[in-house]
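# Secondary and tertiary structure notes
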Amino acid sequence: MISPLELSDLAIEIAREAGELARRRRAEGVTLAATKSSLADIVTDADREVEALIRTRLTAARPDDGFLGEESGTGSGTSGITWVVDPIDGTVNYATGIPLYAVSIAAVEGVGPDDWTALAGAVNSPVVGEMFSAARHEGAYVDGARLRIAEAGEAGALLATGFGYDPSTHAGDLEVVGRVMPIARDLRRGGSAATDLAYVAAGRLDGYFERGLQPWDFAAGALLVEEAGGRFLRPEAPTIIRRLCLAGSADLVAELERRILQET
Ligand code: LIP
């Protein structure tokens, strides 16, 4: 049985190659391939090409594993391990030339995000030049340096969030922002969930909250946060259609959950 560390090494190797392809295509000029859930929810030719590269490398290395990718969907496996991939997380940033995007690759055991166990993950931020990685029970790292979530400060929490592609959800998301700002020192909206989660793991952000993320957005970043001593939570709330993701210290996650779910 392959170890989490071996899975992490494979994720890092492929995320590095995929990140370089994404950078190269960005420099050559990005073309819009299609829109998905809304006009704002775009996919570029590079998204599809990068995911195809990742899927090809993973299939060659581990042909019996399953696959779940943002752009090419699912592939069944027999090993019990599934690779959950966002080829370019922060697609709108990527398409417009904002250099904050990441290749996110995670290996999980189990079926869906409510019951899987993440074993390994890599989040490659190719323009910034940082490779975040984690293997279960082996810690989280950025380019070899150990990651640790931030200690609570007296100035309030530096929080990050994101908004969905459907403008009709923005009012509700802004209401959520209003509920948590009393405990915040400031708010960041970087545009890449995987990067935001990596920054929570690195102690650069104290906490993160967002509704409506897809499994590939958070699969690797959630493991980074947990292996850096933090908590990642997707609270069950029957009245919420767009599941909430929370990340940070256990205390901060509990406070964010209380404030955000207080009236729903
Ligand atoms: C994005 C997330 C971001 C969220 C965007 C989008 P994509 O993922 O990383 O946090 O706010 O709506 O879901 O679509 O760039 O892979």
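Definitions and cut-offs
- Residues numbered from 1 in each chain as written.
- Predicted model: local features only at pLDDT ≥ 70, side-chain atom pairs only at ≥ 80, totals over all residues.
- Heavy atoms only, no water.
- Helix = DSSP H or I, 4+ residues; strand = E, 2+ residues; numbered from the N terminus.
- Buried < 20%, exposed > 50% of the residue type's maximum accessible area, 1.4 Å probe, protein only.
- Lys, Arg positive; Asp, Glu negative; His and termini not counted.
- Salt bridge = Lys/Arg side-chain N within 4 Å of Asp/Glu carboxyl O.
- Contact = heavy atoms within 4.5 Å.
- Near = heavy atom within 4 Å.
- Polar contact = N/O pair within 3.5 Å; in protein donor to acceptor, adjacent residues only side chain to side chain.
- 1 Å grid on protein atoms, 1.4 Å probe; cavity = no way out; pocket = protein on both sides within 12 Å on 5 of 7 lines; lining within 4 Å.
- Sits in = over half its atoms within 2 Å of the grid points.
- Nonpolar A, V, L, I, M, F, W, Y, C, P; charged D, E, K, R; others polar.
- Domains from an automatic or database assignment.
- Buried area = accessible area lost by both parts, 1.4 Å probe.

## Thoughts on the side chain of D196
- Here D196 shows up in helix α5 (residues 193–201).
- Despite being buried, D196 has no salt bridge partner; R189 is the closest side chain of opposite charge, sitting 5.3 Å away.
- Aside from chain neighbours lying at most four places away, what touches D196 is A160, T161, G190, L205 and Y208.

## Comments concerning the site of the ligand
- Contacts to the ligand come from 17 residues, most closely from D89, Y165, R189, A193 and E210.
- In this structure, an oxygen atom belonging to the ligand sits 2.7 Å away from a side-chain N or O atom of Y165.
- Here the ligand is seated within the largest pocket.
- Sorting the residues of the shell around the ligand by element identifies β5 (81–89) and β13 (207–211) as the ones contributing at least two each.
- For the shell around the ligand, the element with the highest residue contribution is β5, accounting for three residues.
- In terms of residue class, the shell around the ligand is made up of six nonpolar, five polar and six charged.

## Focus: the domain arrangement of the protein
- Examined at the domain level, the protein breaks down into domain 1 (4–146) and domain 2 (157–261).
- Taken together, the contact pairs 39 residues of domain 1 with 26 residues of domain 2.
- In total, domain 1 and domain 2 occlude about 2400 Å² of area from one another, counting both sides; carbon and sulfur atoms represent 62% of this.
- On the surface where domain 1 and domain 2 come into contact, there are four salt bridges.
- Of the charged contacts, one joins D114 and R243 as a salt bridge, the two residues approaching to 2.9 Å between their closest N and O atoms.

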